[in-house]
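Each chain, letter by letter, is given below.
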Amino acid sequence: LMAMFWNLSIPCVAQETPLFTTSIMDYGPGTHRQSVCHLQAQLHNGTLDLRNALQGLQLRPVLFKGSLSSVFLPANAEAIPTHDNDPGIVVEILDQLADRAGFTWRTSYGLADFDRVPANATFDNVLEWSS
């Protein structure tokens with residue numbers, strides 16, 4: 001599966017700045033979590049086809065910047081990078097998924113610094129917080 005994404009030749013549109021930046025693991029009133037539970041319920045009861053589940057949605061993913069820049073955005077990133085027409089694998093995968101599923105994300109994503117994740121947080125904690 002990853003080999004398929006590595007070999008994609010997709011024009012990358014970059015320079016969109018994040019809709020929000022957030023302190024890592026902040027569960028305060030400024031949360032940007034997005035519920036898609038109603039879509040899951042429709043999938044479960046058969047009134048929504050999986051192929052169309054995200055059609056028209058403006059998703060709010062959280063992109064991480066930090067020391068794992070081969071996976072995340074570079075530590076100094078303030079927006080999606082434009083260098084060498086290579087914004088990184090996470091951005092390319094989100095672009096592919098958005099194109100195929102009919103959702104948008106580039107004007108509604110958030111940015112968080114992965115290097116500031118508390119030492120006692122598990123990756124599950126981070127995933128739950130960022131969803």
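The structure this text deals with has already been given above.
For the structure given in this document, a descriptive report is provided here. For clarity, every value in this text was computed on a predicted model and none was experimentally measured.

### Some words on the side chain of K65
- Within the element layout of this structure, K65 appears in strand β2 (residues 62-65).
- In contact with K65, not counting residues within four places along its chain, are F72, L73, P74, A75, A77, E78, L111, A112, D113, F114 and D115.

### Remarks on the environment of R116
- Looking at the secondary structure, you find R116 in the loop between β3 (110-113) and α4 (123-130).
- With relative accessibility at 64%, the residue R116 sits in the exposed group.
- Considering only alpha carbons, one finds R116 and K65, 51 residues apart in sequence, at a separation of 9.9 Å.

### Digging into the environment of Q55
- By the element assignment, Q55 lies in the loop between α2 (37-45) and β2.
- For the pair Q55 and T104, spaced 49 residues apart in sequence, the C-alpha to C-alpha distance is 8.9 Å.
- Excluding residues that lie within four positions of it along the chain, Q55 makes contacts with A101 and G102.

About the thresholds
Every chain is numbered on its own, with residues counted from 1 as its sequence reads. Where local features are concerned, this predicted model is filtered to residues with pLDDT of at least 70; where side-chain atom pairs are given and counted, the filter is 80 or more; whole-chain, interface and lining totals use all residues. Remark: hydrogens and water are excluded; side-chain values derive from all non-hydrogen atoms of the structure. Helix and strand labels come from DSSP, where a helix needs a run of H or I of at least four residues and a strand needs a run of E of at least two; each type is numbered from the N terminus. Here a residue-residue contact requires only that any non-hydrogen atoms of the pair lie within 4.5 Å. Throughout, exposure labels follow a simple rule: accessible area from a 1.4 Å probe, protein chains only, divided by the maximum for the residue type, with under 20% read as buried, over 50% as exposed, and the rest as partly exposed.

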